[in-house]
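Working through the structure, step by step
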Amino acid sequence: MEGKMSWTVADAIDYKGFPADRSKTGGWVTAALILGIEICERLSTMGIAVNLVTYLGGTIHLPSASSANIVTDFMGTSFLLCLLGGFLADSFLGRYKTIAIFAAIQTLGTCMLAISTKLPQLRPPPCHTNCKEANGFQMGILYMALYLIALGTGGLKSSVSGFGTDQFDEKDEKEKAQMAYFFNRFFFFISTGSLMAVTVLVYIQDEVDRSWAYGICSVSMFIAILVFLSGTKRYRYKKSLGSPIVHIFQVIVAATRKRKMELPYNVDSLYEDSPEASRIHHTVQFRFLDKAAIIGEGDFESNMGSTPNPWKLCSLTRVEEVKMMGRLLPVWATTIIFWTIYAQMITFSVEQASTMERSIGDFKIPAGSLTVFFVATILITLAVYDRLIMPFWKKWKGKPGFTNLQRISIGLIFSTVGMAAAALAERKRLSVARAVGGTTATLPISVFLLIPQFFLVGAGEAFIYTGQLDFFITQSPKGMKTMSTGLFLTTLSLGFFVSSFLVSVVKRVTGSNDGQGWLGDNINYGRLDCFYGLLAILSLVNFVIYLIFAVWFKPQKPKPALQMETVVNGC
C-alpha cells in the first residue's frame, strides 16, 4: 500500500477524479501542451496589438493619441479580465475548463476581427486628404471583435501558468527543481510567440492582407485548443478550495466585527481547525486581522453544530492566507509603472518608426516589426540568464539565480534607463523633422536609432515578468494561486490604463486648438521626448518606493512540520 501511495501525487487528481499517478500524469510533456496554447494566445494578441495603431490611423483614420489609447485600453482590459478568469477557475470551473472555454472565445473574436478588416462595408473608404473617420457601426463591430479577444485572453492567461505549475509536485525534489525552470521556459515560449507575431504576422498584415493575418491567428488558436484537449487524460488537476475572494471578505468582516476585542497574549488561544501539515506559520504583520480568529460568543451557531459561522470566526490559517495576499499588494502597486512604459513600445514607438527610414536594400521593414528587436532582446536575456547567470549564481552563492524581488528590481532599472534613452532618441528625430519639414512622409534618419529603447525595455521585461510570475505564485496561498496570477496580470492591465490616463492628461494640459502639444495629431510637430522624459522621472521615483517595500516584505516561512513532510516525500 505504501509503495502504491508513493506513486501518487498527494494533492492532485487525474481526469477521473482518482489520485494522480506520478508515472502517468504531469511533468514536462503535459506542461508543453499547456505552453502550446499560450504560444498561440501570444501570437494572436501581440500580432493584433503591435500593429493595430497603424490600422487605426491609416485605415480607420483616427488621430494619433486616440489610436494609442484604443490599443492600450484593449490590452488593459485583456489583463484586467484575468481577475474574472481567476475567480471562475478557483470557484467554479477549475483551470482546465477555464482555459478551454476562454480559448474558444478568443478564437471567435479573432475570426470576427478578420471579417471586419476584410469587408469594405466595415471600414471607411481609402483616402489621402480630408479623410473620413469610421462611423459608429463600423467602430462598434471593431470594438466587439477586440473585446471578445480581450475576454478570451483574460480568462486564458489567468489559468495557464497555474495549470502549468500544477503538473509538477512541489513535494518531490526532482519535480520541484523542474518547476523552478518552468517560469523561465514559460516566458521564453510566449516570447517565441511574440517573435512570430512581430515578424511573420506583421509582414503579412502590411504586405499581403490584414484579414489573412488575423485568419492565421484564428486557425492556429483552433489547432492549439485541439492539442490542449488531447492531453486531458494526462493532466494533473487540483481540487477547487472555494472562492478566495469570499474567504478574504470573511476574514475582513470577522476582524471588523471583533475590532474592539483584545488579542490574547498566546497565539495558541486563537481558533485553528486546519490539519497540522497545512497550517501556516503565524506572522505579526497585519495583526488586526488576527481578531478574526478570536473565539467569541455566538460564533458557533446551533444549526451549524461544531462548525463556526465563517463570517464571524475564521481559522488562524485562513487569516494568514489573507495576510499573504496583503503582503503582495505593495510590490504589486510598484510594478504597474513598468507596464505603462511597455505600452509605449507598441504605440508611440511604432508611430515613431513609421516616420523614419526603414529600408534595407529593396526590403522595407514594417513599422510594427521593429518590435522584433524588443522580443529578440527578451529571448536573448532569458537564454543568457538560464544558461550562464543561473549556473554561475548557483556555484557562487548556492542559489539558483536571483530572487524574484531582485529580478523585479533589475527590470525596473532597465525600464527607467530605457525611457531616458527613448527621450534622447526622440529629441534627435524631432531635430531632423524640423530641419526637413514635419510633413515629410519619411524622415532621413534611420529607424535603428530606436533600437536602444527596445533593447533596454525588452531586457527589463525579461527580468520583471519572470520575477513577478514567480513572486505572485510562490508567495500566495495554495488555494489562491489562480487569483494571485490574475492579480499579477492586473499590473499589466493597470499599466496600460495608466498610459491611457497619462496620454489624455498630457494632451489636455499641453494641447492647443490646432491639435498640437506634447502629443500632437502629427508626432513630428509634438514633443514626445518630453512625455518620455516624464515617464523616466516617474519610473525613477517609483523604483525608490519599490525598494522600500521590497525591504519591508517578509516571505512566508513554512512550519517545521511542513518542512519535514516535504523532505520525507521528496526522498
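Residues numbered from 1 in each chain as written. Predicted model: local features only at pLDDT ≥ 70, side-chain atom pairs only at ≥ 80, totals over all residues. Heavy atoms only, no water.

Looking up the chain in an unreviewed UniProt entry gives the name Putative Major facilitator superfamily protein isoform 2, with the organism given as Davidia involucrata. UniProt, in the comment section headed Subcellular location (unreviewed entry), describes the chain in these words: "Membrane". (UniProt positions renumbered as here; feature names shortened; annotations may be inferred.)

As a further point, take the domain arrangement of the chain. Looking at the assigned domains, one finds that the chain contains domain 1 (8-240), domain 2 (244-314) and domain 3 (325-553). Each of domain 1 and domain 3 was reduced to a C-alpha centroid, and the two centroids are 21 Å apart. With 49 residues of domain 1 at the contact, the number on the domain 3 side is 54 residues. Taken together, both faces of the contact between domain 1 and domain 3 bury some 4300 Å²; the carbon and sulfur share is 68%. Applying the counting criterion to the domain 1 and domain 3 interface returns zero salt bridges. Inspection of the region where domain 1 meets domain 3 yields five residue pairs in polar contact (both at pLDDT 80 or more). Elements with a minimum of two residues in the side of domain 1 that touches domain 3: α2 (28-58), α3 (64-80), α4 (82-118), α5 (136-165) and α6 (173-208). Top contributing element to the side of domain 1 that touches domain 3 by residue count: α6, with 17 residues. Here the residues of the side of domain 1 that touches domain 3 are counted per class, giving 24 nonpolar, 16 polar and nine charged. (Domains from an automatic or database assignment. Contact = heavy atoms within 4.5 Å. Buried area = accessible area lost by both parts, 1.4 Å probe. Salt bridge = Lys/Arg side-chain N within 4 Å of Asp/Glu carboxyl O. Polar contact = N/O pair within 3.5 Å; in protein donor to acceptor, adjacent residues only side chain to side chain. Helix = DSSP H or I, 4+ residues; strand = E, 2+ residues; numbered from the N terminus. Nonpolar A, V, L, I, M, F, W, Y, C, P; charged D, E, K, R; others polar.)

By the definition in use, this model includes 30 aromatic pairs. Note on Trp339 and Tyr465: the rings are 6.2 Å apart at their centroids and 80° apart in plane angle, and the pair reads as edge-to-face. With a gap of 126 residues between them, Trp339 in helix α10 (residues 336-345) and Tyr465 in helix α14 (residues 451-474) connect regions that are remote in the sequence. Side by side, Trp339 and Tyr465 carry an identical accessibility label, which is buried. Site record: aromatic cluster; members linked through ring pairs are Phe79, Phe338, Trp339, Tyr342, Phe374, Phe454, Tyr465, Phe471, Phe472, Phe488, Phe496 and Phe553. (Phe/Tyr/Trp six-rings, centres within 6.5 Å; stacked < 30°, edge-to-face > 60°. Buried < 20%, exposed > 50% of the residue type's maximum accessible area, 1.4 Å probe, protein only.)

This next bit is on the side chain of Ser194. Its place among the elements puts Ser194 in helix α6. A polar contact of 3.2 Å, which involves the side chain of Ser194, links it to the side chain of Arg42. Those residues in contact with Ser194, other than ones at most four positions away along the chain, are Arg42, Met46 and Val375.

Our focus in this paragraph is the pattern of salt bridges. A full pass over the atoms with the stated rule returns 14 salt bridges. Here Asp169 makes a salt bridge to Arg22, at a shortest N to O gap of 3.1 Å. Here the residue Asp169 occupies a position in the loop between α5 and α6, and Arg22 occupies one in the loop between β2 (19-21) and α2, the gap between them amounting to 147 residues. When its relative accessible area of 18% is taken as the criterion, Arg22 is described as buried. Salt-bridge contacts for Asp290 lead to Arg287; the nearest nitrogen and oxygen are separated by 3.9 Å. Taken together, the salt bridges that share partners define one network made up of Arg287, Asp290, Glu320 and Lys323.

Taken as a whole and judged by the stated rule, the model has five cavities of 30 Å³ or more. A volume near 70 Å³ is recorded for the largest cavity. Contributing elements (two or more residues each) for the lining of the largest cavity: α2, α3, α10 and α15 (481-510). The biggest single contributor to the lining of the largest cavity is α2, with four residues. Its residues assigned to classes, the lining of the largest cavity shows seven nonpolar, one polar and four charged. Each of domain 1 (8-240) and domain 3 (325-553) gives at least three residues to the lining of the largest cavity. In this model, the second largest cavity occupies a volume close to 50 Å³. (1 Å grid on protein atoms, 1.4 Å probe; cavity = no way out; pocket = protein on both sides within 12 Å on 5 of 7 lines; lining within 4 Å. Points joined across faces, edges and corners; volume = space filled by probe spheres on them.)

Phi at His61 is positive, roughly 65°, even though this residue is not glycine. You can see His61 is positioned in the loop between α2 and α3. At Phe286, a residue that is not glycine, the phi angle is positive and equals roughly 55°. Inspection of the secondary structure assignment puts Phe286 in the loop between α8 (244-257) and α9 (316-333). Taking the relative accessible area as the measure of exposure, Phe286 reaches 27% and is therefore partly exposed.

The next thing to look at is the nonpolar core. Ranked by internal contacts, the top residues of the largest apolar core, which has 140 residues, are Ile37, Phe228, Tyr465 and Phe531. If you tally residues by element for this core, the top one is α2, at 14 residues. Ignoring anything within four residues of it in the chain, the contact list for Phe228 reads Leu33, Ile34, Ile37, Tyr96, Ile99, Ala100, Phe163 and Tyr235. Judged by nonpolar contacts, the second largest core, of five residues, contains Tyr385, Trp393, Phe402 and Phe463. (Core = buried A, V, L, I, M, F, W, Y, C linked by side-chain atoms within 4.5 Å.)

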